[in-house]
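# Observations on the model geometry
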Amino acid sequence: MGNCCSNENGGHSAAGGTGAYVANPNNGHNEAVDALLKSRGYDGVYSHVELSLSATSLRDRDVLSKSDPMVVIYSKGRDGSLQELARTEVVLNSLNPKWITKYTIAYHFETVQNLVFRVCDVDTQFHNQDVKMIKLEEQHFLGEASCTLAEIVTKSNKSLTLDLIRGEQSSGPAQTQNSGKLTVCAEESVASKTTVELRLRCSELVSKDLFSKSDPFLVISKFTESGMVVPICKTEVIKDDHNPNWKPVSVNIEQVGSKDSPLTIECYDFNTNGKHDLIGKVQKSLADLEMLHSAGSAANLFIPAAVGPNSQNKVLKSQLFVDIFFEKTQHTFLDYLACGYELNFMVAIDFTASNGNPRLPDSLHYIDPSGRPNAYQKAILEVGEVLHFYDKDQHYPAWGFGARPIDGPVSHCFNLNGSSDYCEVQGIQGIMTAYMSALFNVSLAGPTIFGPVITSAADIANKSLMKGERKYFTLLIITDGVITDLQETMDALVHAADLPLSILIVGVGGADYKEMEILDADKERLESTRGRVAVRDIVQFVPFRDVQSGDASILQSLLAELPSQFLEYMRLKRIQPTL
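To start, this report covers the structure provided alongside it. Just so it is clear, the structure is predicted and the values come from calculations on it, not from any experiment. (Residues numbered from 1 in each chain as written. Predicted model: local features only at pLDDT ≥ 70, side-chain atom pairs only at ≥ 80, totals over all residues. Heavy atoms only, no water.)

### Overview of the pairing of strand 16 (residues 314-329)
Pairing geometry for strand 9 (residues 194-203) and strand 16, over ten bridges, is antiparallel. If you follow arginine 201 over to strand 16, its bridge partner there is phenylalanine 321. Across five bridges, the pairing between strand 15 (residues 298-303) and strand 16 is antiparallel. Looking at the pairing, alanine 298 lines up with phenylalanine 321 of strand 16. (Pairing = 2+ DSSP bridges. Helix = DSSP H or I, 4+ residues; strand = E, 2+ residues; numbered from the N terminus.)

### Examining helix 7 (residues 427-439)
Along its 13 residues, helix 7 runs 19 Å from first to last C-alpha, staying within 8% of the 18 Å computed at 1.5 Å per residue. Buried within helix 7 we find Gly427, Ile428, Gly430, Ile431, Met432, Ala434, Tyr435, Ala438 and Leu439. (Expected span 1.5 Å × (residues − 1). Buried < 20%, exposed > 50% of the residue type's maximum accessible area, 1.4 Å probe, protein only.)

### Quick word on the packing of aromatic side chains
What characterises a pair of aromatic rings is the spacing of the ring centres plus the angle enclosed by the ring planes. Per the counting criterion, the structure on display carries 16 aromatic pairs. When the centroid spacing of 6.3 Å and the interplanar angle of 45° are considered together, the rings of phenylalanine 333 and tyrosine 390 count as tilted. Note that phenylalanine 333 is positioned in helix 5 (residues 333-338) and tyrosine 390 in the loop between helix 6 (375-387) and strand 18 (395-401), a separation of 57 residues in sequence. We classify phenylalanine 333 as buried; its relative accessible area is 0%. Plain terms: the ring middles of phenylalanine 333 and phenylalanine 566 are 5.3 Å apart, the flat faces sit at 85° to each other, and that makes the pair edge-to-face. Of this pair, phenylalanine 333 sits in helix 5 while phenylalanine 566 sits in helix 12 (residues 561-572), and the two are 233 residues apart along the sequence. Both residues of the pair, phenylalanine 333 and phenylalanine 566, belong to the buried class. Among the aromatic residues, those joined into a ring-pair cluster are Phe109, Phe333, Tyr336, Tyr341, Tyr390, Tyr472, Phe566 and Tyr569. Here the basic side chain of arginine 118 rests over the ring of tyrosine 74, its NZ or CZ set 5.3 Å away from the ring centre. One cation-aromatic arrangement involves arginine 201 over phenylalanine 321; the distance from NZ or CZ to the ring centre is 4.1 Å. (Phe/Tyr/Trp six-rings, centres within 6.5 Å; stacked < 30°, edge-to-face > 60°. Lys NZ or Arg CZ within 6 Å of the ring centre and 35° of its normal.)

### Quick look at the sheet that holds strand 8 (residues 181-188)
One open sheet holds the four strands; their spatial order is 4-1-8-7, and the pairing between them is antiparallel. Where the open sheet ends on each side, the last strands, each with one partner, are strand 4 (103-107) and strand 7 (159-163). Pairwise comparison of adjacent strand axes, ignoring direction, gives a mean angle of 30° for this sheet. Of the strand pairs in this sheet, strand 7 and strand 8 are connected by five bridges, and their pairing is antiparallel. Across the sheet, the residue bridging to serine 159 is cysteine 185, located in strand 8. (Axes fitted to C-alpha atoms, helices over the stretch in contact; angles between N-to-C directions.)

### With respect to helix 9 (residues 486-496)
Every buried residue belonging to helix 9 is among Thr489, Met490, Ala492, Leu493, Val494 and Ala496, and all of these are buried. Tucked inside the fold, the buried residues of helix 9 contact helix 8 (451-466), strand 24 (501-507), helix 10 (514-519) and strand 25 (539-543). (Contact = heavy atoms within 4.5 Å.)

### Some words on the side chain of threonine 448
Within the secondary structure, threonine 448 is located in the loop between strand 22 (442-444) and helix 8. With a relative accessible area of 5%, threonine 448 lands in the buried category. Discounting chain neighbours no more than four positions away, the residues touching threonine 448 are Asp350, Thr352, Phe401, Thr479, Gly481, Val482, Ile483, Thr484 and Asp485.

### Some thoughts on the pattern of salt bridges
Throughout the structure, instances matching the rule amount to twelve salt bridges. Residues glutamate 144 and arginine 118 are paired through a salt bridge, measuring 2.6 Å at the closest nitrogen-oxygen approach. Taken together, the residues span a long stretch of sequence, with glutamate 144 in strand 6 (residues 140-148) and arginine 118 in strand 5 (residues 114-121) at a distance of 26 residues. The partner of lysine 181 in a salt bridge is aspartate 163, with the nearest N and O atoms 2.3 Å apart. Within this pair, whereas lysine 181 is found in strand 8, its partner aspartate 163 is found in strand 7, the two being separated by 18 residues in sequence. (Salt bridge = Lys/Arg side-chain N within 4 Å of Asp/Glu carboxyl O.)

### Focus on the environment of aspartate 368
Mapped onto the elements of the fold, aspartate 368 is located in the loop between strand 17 (342-350) and helix 6. Residue aspartate 368 is classed as partly exposed on the basis of its relative accessible area of 27%.

Below is the structure:
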């Protein structure tokens, strides 16, 4: 994956963490900085994978020769609509073709990328045409296959063989006999793994605060072909320092474009309200930064000029130095998947009385007879839709908290399936069924306490670690209230940070979630009652009222964090992707 942040142990947490690849075992998350990045067009980072296609036992539609097959690749939207992505070349006289044409696609962990492959036999009269000009409706349809990109990249050899079906385009019913098979192979681009490590510092920054020094952090952005400025990474915040020396950051070369592609490096003064003050900026390529490093020189920051024909940038005394610059190859998230690592999903649901009577329409737990999901169901479905591809056995631990089971005391961690012996359910639908069943078998109570469910999740992660299993866990906590065990929860999180575990908290309803922002550790690492500081930030929080944001939800942007947190843990523990 391809983002950056610092990679030294200790120090202040990063000002953000929205990247999908982070070479930083101490990367933190900050909703305020993320809001700044999102407002400027940042929508996650990715790896490029190259798809290769081959087929066997295709149907023969020609009388005097074999079929001349071509593949058309489509992406499939949520509404079922198809968008053509690419076409292969036409392979003459072959029922077992291996197409030379490759298609490069951006892999996004946080979304479900549905692909459709249609194979057709191209008539002889079109063989000399550019494949882009061939009218598909005039060709013989041989078969269709579909899958998600995640299904391909999670295979140990990144290869998936699919049955070709004739489907609705054929004159007869859908069938798989004699239609052949299509094999799709994915290979990650080498450039996706090539990064430049930078250590940046500034001198003589101006103060943006009245009664203290600035709290500076850097945002590195690239220019798109349309001229839009898109942030690609950021450093941590350094408090009260006009001569900051940030921890190293790694910039993915493929994400930038090339070493000669122009970049903008902006220095901001951090503000908790998200309105960060620009201190100054420079515009340099990676090649320029390499020259600054080699020469031991610096670049002056400037303030952009106001709009006007005679306006000039205001050059500052503040300077940017490049103390470290070198290229390296990093193991990626996809490397670990290829070696058998899994992401395992867990969920904990708030059953406190503040949710309201589940039988009444104004309750957050109300089950709409029309089938429209409530906020709890929607969060489970949206997160589960992405994560289930990365869990082989599809068995998910599921808990409830803040309720009184039948004939029992209030429990802050009970098995959602009603069992006293095991907590797992089968599949995402199993979670949904257990959730609806629990609504009618428990009495909503309180207060809102997170500690026990986090401890239960940490215990499972620890047992898996002790067994040497190649698993990383994600706990989704959905809650409507303000927690009452803040310090106990912080203690549990500090302990869990050492384990292969991330926690996603979704707040439903209109509560004040200030405590959640503390758990999110956006500016300072969590500290336990014994004074131990968390080795990494594992919590992401979002209020559900902010979840829907255009075509992609904030839940998806938070899911984009998981590969970076996964890599953060692997690098912190020095775990290599080995077969």
